[in-house]
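# Commentary on secondary and tertiary structure
The lines below spell out each chain.
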Amino acid sequence: MDRYDVNVDLLLNILEESLNPMACVRVLDYDEEKSIQFMMLNKAFRAMYGEEASRTMQDATLKLSEIAEFNAEDDLSRAILDVYESEKEVIRHVDMKGLHKIFNMKAYMPLPGYICLSFADVTESERAKNDALENVNAISTNTEKLKFEVDRLTAGRKQLEDNARVYELIAQVSNDGFYFKDYQNDSFVASDSWYDLFTIDGNKPRDCQDVASCLSDNDVFDYNRAREKSISEGCESMNSEFRLADDRTWLEGHFHFSYNPKGELVEEIAYFKNISMIKSQKEELAYKAYYDGATGLINRTYMNKLLENDLARAAREDVAVSVLYVDIDDFKNVNDSIGYKLADEFLIKFAMILKNYQSSSVRLARFDSDEFVLSLYDSTRHSAQKIAIEIKKRLLEPIVLSNGMSQHMTVSIGINEFPYGGSNAVDLIANADIALHVAKNNGKNGIVFYEEKMLNEFMNKIEMENNIKSALENDRFQLFYQPQFATSTKKLRGMEALVRMRDEEYGLLLPQNFIPLAEHNGSIVDIGEWVIRKAFEDYKNWQENYDFDGIMSINISPVQFKSVTFESTLYALIREYHMDPGHVEIEITESLILDNKFQVMEMLKRIRNQGIRISLDDFGTGYSSLAYLYNIPMDTLKIDKSFIDSLGEERNADIITSSVIEMVQKLGIELVAEGVETQAQFEFLKKIDCDNIQGYYLAKPMSSEGIKSLIREA
């Protein structure tokens, strides 16, 4: 119910409670003939005129010309017409037929189309002036009250009119389109914006029924079905999104329906909002959420979602699904050598190669910078392997970039199969990734099928990584020291620091159990710094308490050596512990020099210029050791245990070892023989004047406390 209806009800309530006989008349226009309808006759009027006569008046709709039967002089008709036409207050004396009384009637129009009649009996005015005066005063008082109410209603009417103008203005200036449809009177009103929205190629709609003809062929059926369903079910509202005929403009429609007691649609109000920009933004966000911007391939998120659906279907159809995890070998080197721009072009062209294998049963996604995943529905081990081999064959030809450069590449591929290698998309892909890493660790450029033992190894690796992290955080590393002795005198030369890790389950772990993994994940840098710090701390303790001045030899991982902080950290710790650089010896392996030789050599020279000793460890296990002896800036060479094991037993081993020792000594390089475990080995090395030895023959690795005892006994 709108505010106007509320005001009418309020007026009728006020008149009903009035002490004076009062009536409310509604004037109706039917063509040029005006009629009235008595809306209400209050209690006082009914008491005055009689309930039956009052009911007859109230139930009738009468032409003004027929009112004469109630009023012989037609004063009532003229009063109603005057008020209706002038909208001003009219006062008349009327003789109500059948009552034989004279009434003072006051007529006025508080609301459009509604006329209030107030009657005062003045028949006995001449004979009872005092009574008449009291009646006049009472009428005056009641009139003032009524006037107050009428003024209030008039103000409310003006507010309604002002609100109506505001609503009309809002509808016209808004970009949203509005319409109102009155089905009873077959009237239709719409805002200019509504016509603008639905005008297609100059064809302007005439009614809300024309909306469907303005919609896209893709949406018109759904729109009609939703609308018809809402109306048939008596829904009061409906929301819908649809495109216009241009298939670009998206609208959001909100509909409100009104029904009569029979359930028939009588009114409809709707407004429409252009949501094309919002839709475009949503589509853009959806694309970014599910697609790779560079290659146009689906991304990890979308692949997981689609693959999960494929696996559910494969389980029903009892077929296999294979996953190929493809990674470009050494892509970082490619990126560094050709730059990011050309590297992106390289990746896009590689993606185009993989797109050749896409089909209705083969999906392709980009998971990371240089990682791609293919899924094969209803596959076999042979079909997955065939695609992997074809990819590798295609890559025998270089990828030609826009600058004319030809870039060769290889890939490593891990293959996994549903249901044997995982029951869901995440596990299936993760296990294919594990197979990929096995291929990488096997030397790259290979194809590896996932096996269950790989997962166990992977989980062990994860467990060890967590143990390493925990050991760093909880100080569970420990140093042991392998003493080194002068061969001729057995005098303590120094010691090599050897790191161990305490594990709650496995006890004390040797370096080979955790160092390779630490090098792989980078934690070796933190471990290496801890080793240097702890070794220097123990050394200062021995020096201060036992006047020790031997060599502290520390193994340096290639990963640690190449870290940007290694050199500065080493110098800082030497200063912090007031170490004599000449008592510090860092041990490196030949593998470090083989990789990026120039930079490594320059760094070794800088370190040696600081007075720090350089030792080449595991000599004889590489491929070019002899050639490097001329160029490596070093002070000490450690002969690998593999040479020492056969001394005194094989003539060739004796000759080679003797020759190496003689040659190195002529170069002015100090020698340390590793792994000396027998007296025969010791005697042979002493005989050929090897400078130093280390091994179980003279001393096993020992704790810091053991070294203290060894120093005291020396």
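Scroll up to find the structure.
Residues numbered from 1 in each chain as written. Predicted model: local features only at pLDDT ≥ 70, side-chain atom pairs only at ≥ 80, totals over all residues. Heavy atoms only, no water.

Attention shifts here to the overall build of the protein. For the protein, the count of helices and strands is 25 helices and 27 strands. Out of the 714 residues belonging to the protein, those deemed buried represent 46%. In the protein, 59% of the contacts between residues at least 6 apart in sequence involve partners at least 24 apart. When the accessible surface of the protein is summed, it comes to about 38,100 Å², and 49% of that surface belongs to carbon and sulfur atoms. (Helix = DSSP H or I, 4+ residues; strand = E, 2+ residues; numbered from the N terminus. Buried < 20%, exposed > 50% of the residue type's maximum accessible area, 1.4 Å probe, protein only. Contact = heavy atoms within 4.5 Å. Areas by Shrake-Rupley, 256 points an atom, 1.4 Å probe, with all protein chains shown as cover.)

Okay, helix α18 (residues 566-576) next. If you check which residues of α18 are buried, you get F566, E567, T569, L570, Y571, L573 and I574. Positive backbone phi, at 55 degrees, marks H578, one or two positions downstream of α18.

Looking now at the packing of aromatic side chains. To describe a pair of aromatic rings, one takes the distance between the centres and the angle between the planes. All chains considered together, the criterion is met by 22 aromatic pairs. A ring pair is formed by Y223 and F255, whose centres lie 6.1 Å apart and whose planes are at 55 degrees; its orientation type is tilted. Linking Y223 in helix α7 (residues 220-232) with F255 in strand β10 (residues 250-259), this pair joins segments that are 32 residues apart in sequence. Residue Y223 is classed as buried on the basis of its relative accessible area, which comes to 3%. Overall, the relative accessible area of 0% leaves F255 in the buried class. Taking 5.0 Å as the distance between ring centres and 75 degrees as the angle between the ring planes, the aromatic pair formed by Y481 and W542 counts as edge-to-face. Taken together, the positions of Y481 in strand β19 (residues 477-486) and W542 in helix α16 (residues 524-546) put the pair 61 residues apart, joining distant regions of the chain. Summarising the burial analysis for this pair, Y481 and W542 share the class buried. One aromatic cluster is present, formed by Y179, F188, F198, Y223, F242, F255, F257 and F272 through successive ring pairs. We note K181 situated over the ring of Y183; from NZ or CZ to the ring centre the distance is 5.6 Å. The ring of Y377 carries the charged tip of R313 above its face, separated from the ring centre by 3.9 Å. (Phe/Tyr/Trp six-rings, centres within 6.5 Å; stacked < 30°, edge-to-face > 60°. Lys NZ or Arg CZ within 6 Å of the ring centre and 35° of its normal.)

This part takes up the pattern of salt bridges. Under the defined criterion, the tally for this structure stands at 33 salt bridges. Note that E537 and K534 form a salt bridge whose closest N and O atoms lie 3.6 Å from each other. Of the two residues, E537 and K534 are both situated in helix α16; the distance of three residues between them amounts to about one turn of the helix. When its relative accessible area of 40% is taken as the criterion, E537 is described as partly exposed. A residue is classified by how much of its surface remains accessible, and K534, at 26% relative accessible area, is partly exposed. Here the residues in one salt-bridge network are R493, E585, R613 and E670, joined through shared partners. (Salt bridge = Lys/Arg side-chain N within 4 Å of Asp/Glu carboxyl O.)

We now examine the pairing of strand β22 (residues 551-555). Along β22, four of the five residues are buried, which leaves the element largely enclosed by surrounding structure. Pairing of strand β20 (residues 492-503) with β22 involves four bridges; the strand directions are parallel. Bridge pairing in β22 links M495 to M552. Examined bridge by bridge, β22 and strand β23 (residues 584-589) share four bridges and lie parallel to one another. The residue of β23 that forms the bridge with I554 is I586. (Pairing = 2+ DSSP bridges.)

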